[in-house]
Amino acid sequence: MARSESLGEFRTFDRIAYRNRVMDGLTEAAVALFLLAVALVLPHGVFAAVVCLFPIALIPVLRRARKRWADPRIGYVEPMADKPREILPGIGLFMLVLLAAAIVLALILRGAGGSYSVAQRLHAWEPALAGFGVAGGMWYTASRSGLRRFYAYAVVSGLLGLALAAGSDLGFVAGRRTGLQWYLLAMGLLLAAGGAIVFSRFLRRHPVAHLEENGGQR
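Residues numbered from 1 in each chain as written. Predicted model: local features only at pLDDT ≥ 70, side-chain atom pairs only at ≥ 80, totals over all residues. Heavy atoms only, no water.

1. Quick look at the overall build of the protein
Along the protein, the regular secondary structure elements total nine helices and zero strands. If you list the helices and strands of the protein from N to C, you get α-α-α-α-α-α-α-α-α. Buried positions account for 31% of the 218 residues belonging to the protein. In the protein, the share of contacts with a sequence separation of at least 24, taken over all contacts with a separation of at least 6, comes to 73%. By element, 66% of the accessible surface of the protein is carried by carbon and sulfur atoms, the whole surface being about 14000 Å². (Helix = DSSP H or I, 4+ residues; strand = E, 2+ residues; numbered from the N terminus. Buried < 20%, exposed > 50% of the residue type's maximum accessible area, 1.4 Å probe, protein only. Contact = heavy atoms within 4.5 Å. Areas by Shrake-Rupley, 256 points an atom, 1.4 Å probe, with all protein chains shown as cover.)

So, in structure tokens, the structure goes:
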């Protein structure tokens, strides 16, 4: 019984620590930068693969930003790190299910008639794959942190991806940009705006506690 209570207390502590890591709006800003960067380089072929390394460069930038603006306000507690062997299989399975669903949908739509090939159908439904991929990450963040805004991001991401995929498939999304680019731009701007609002509120609600120059205690 005592062990169960201790485990429950540890999970509660870890949840609070994780929530403190993502409550400042900087996470949304980092994801927004990544999505917008991919959107900008997507038409340039090989450079799109290089930008996938962008999150690695963003990690130290995000840490420095939190050290500069967040840690002096709410302190720093490192949450329990996710073990790759525990989360990677789930991520891989999630992406495989998405890809399988897209292929099945493309085959169904191809069988329903039309001049589009399966490959063209899959290309049209890329926004849905990206939308649900981002939604999965947002849903995980929401479930671990308890912050409901990430559930909202997840729902919006999935619906936006589906809407743009359907529009691409039906020919409504046209022009110089593909449906995937429109998704990346729209979701990136949404997260950037949301992150800016959350960050602004975070700074107001959590001012830095300065010690008085005269008579202050350490």
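From this point, the narrative continues.
2. Considering the environment of Val 155
By secondary structure assignment, the location of Val 155 is in helix H8 (residues 148-170). Residue classification places Val 155 among the partly exposed positions, given a relative accessible area of 44%.

3. Here's the deal with helix H2 (residues 26-41)
The end-to-end C-alpha separation of H2 is 23 Å, in line with the 22 Å expected for 16 residues at 1.5 Å each. Inspection of H2 places Leu 26, Thr 27, Glu 28, Ala 30, Ala 32, Leu 35, Ala 37, Val 38 and Ala 39 among the buried residues, and these make up the whole buried set. (Expected span 1.5 Å × (residues − 1).)

4. Section: the pattern of salt bridges
Counted according to the given criterion, the structure contains four salt bridges. One salt bridge connects Arg 144 with Asp 14, and the closest N-O pair in it is separated by 3.2 Å. Pair noted here: Arg 144 is in helix H7 (residues 126-145) and Asp 14 is in helix H1 (residues 2-22), with a separation of 130 residues, a long-range link. Pair check on accessibility: Arg 144 and Asp 14 agree, each one buried. Residue Glu 28 pairs with Arg 149 through a salt bridge whose shortest N-O separation is 2.5 Å. Residue Glu 28 is located in helix H2, and its partner Arg 149 is located in helix H8; the two are separated by 121 residues in the primary sequence. On the basis of relative accessibility, which here comes to 0%, the residue Glu 28 falls in the buried class. What makes Arg 149 partly exposed here is its relative accessible area of 21%. (Salt bridge = Lys/Arg side-chain N within 4 Å of Asp/Glu carboxyl O.)

5. Some words on a nonpolar patch on the surface
Taken together, the side chains of Phe 132, Trp 139, Val 155, Leu 159 and Leu 162 present a nonpolar region at the surface, about 460 Å² in accessible area. Counting residues per element, the ones that place at least two in the nonpolar patch are H7 and H8. For the nonpolar patch, the element with the most residues is H8, which contributes three residues. Here Leu 159 lies in helix H8. (Patch = residues over 30% accessible without salt bridge, like charges linked within 9 Å, V, L, I, M, F, W, Y side chains within 5 Å.)

6. A few points about the nonpolar core
One finds Met 138, Phe 150, Tyr 183, Leu 184 and Leu 191 to be the most contacted residues of the largest nonpolar core, which totals 24 residues. Put simply, the parts of the chain that give this core at least two residues each are H1, H2, H7, H8 and helix H9 (179-205). With six residues, H9 is the largest single contributor of residues to this core. Beyond its immediate chain neighbours, meaning those up to four positions away, Tyr 183 contacts Pro 127, Ala 130, Gly 131, Val 134, Ser 157, Leu 160, Gly 161, Leu 164 and Gly 188. Core analysis: the second largest hydrophobic core is formed by five residues, Leu 26, Leu 58, Leu 62 and Ala 65 among them. (Core = buried A, V, L, I, M, F, W, Y, C linked by side-chain atoms within 4.5 Å.)

7. Some details on the packing of aromatic side chains
Within this structure, the stated rule accounts for three aromatic pairs. Here the aromatic rings of Trp 69 and Phe 199 are separated by 5.9 Å at their centres, their planes lie at 85 degrees, and the arrangement is edge-to-face. Of this pair, Trp 69 sits in helix H4 (residues 54-74) while Phe 199 sits in helix H9; the two residues are 130 residues apart in sequence, bridging distant segments of the chain. For the pair Phe 150 and Tyr 153, a centre-to-centre distance of 5.7 Å together with 75 degrees between the ring planes defines the contact as edge-to-face. In this pair, Phe 150 and Tyr 153 both sit in helix H8, three residues apart, roughly one turn of the helix. Note on Phe 150: relative accessible area 0%, which makes it buried. Among the residues examined, Tyr 153 registers a relative accessible area of 10% and is labelled buried. (Phe/Tyr/Trp six-rings, centres within 6.5 Å; stacked < 30°, edge-to-face > 60°.)

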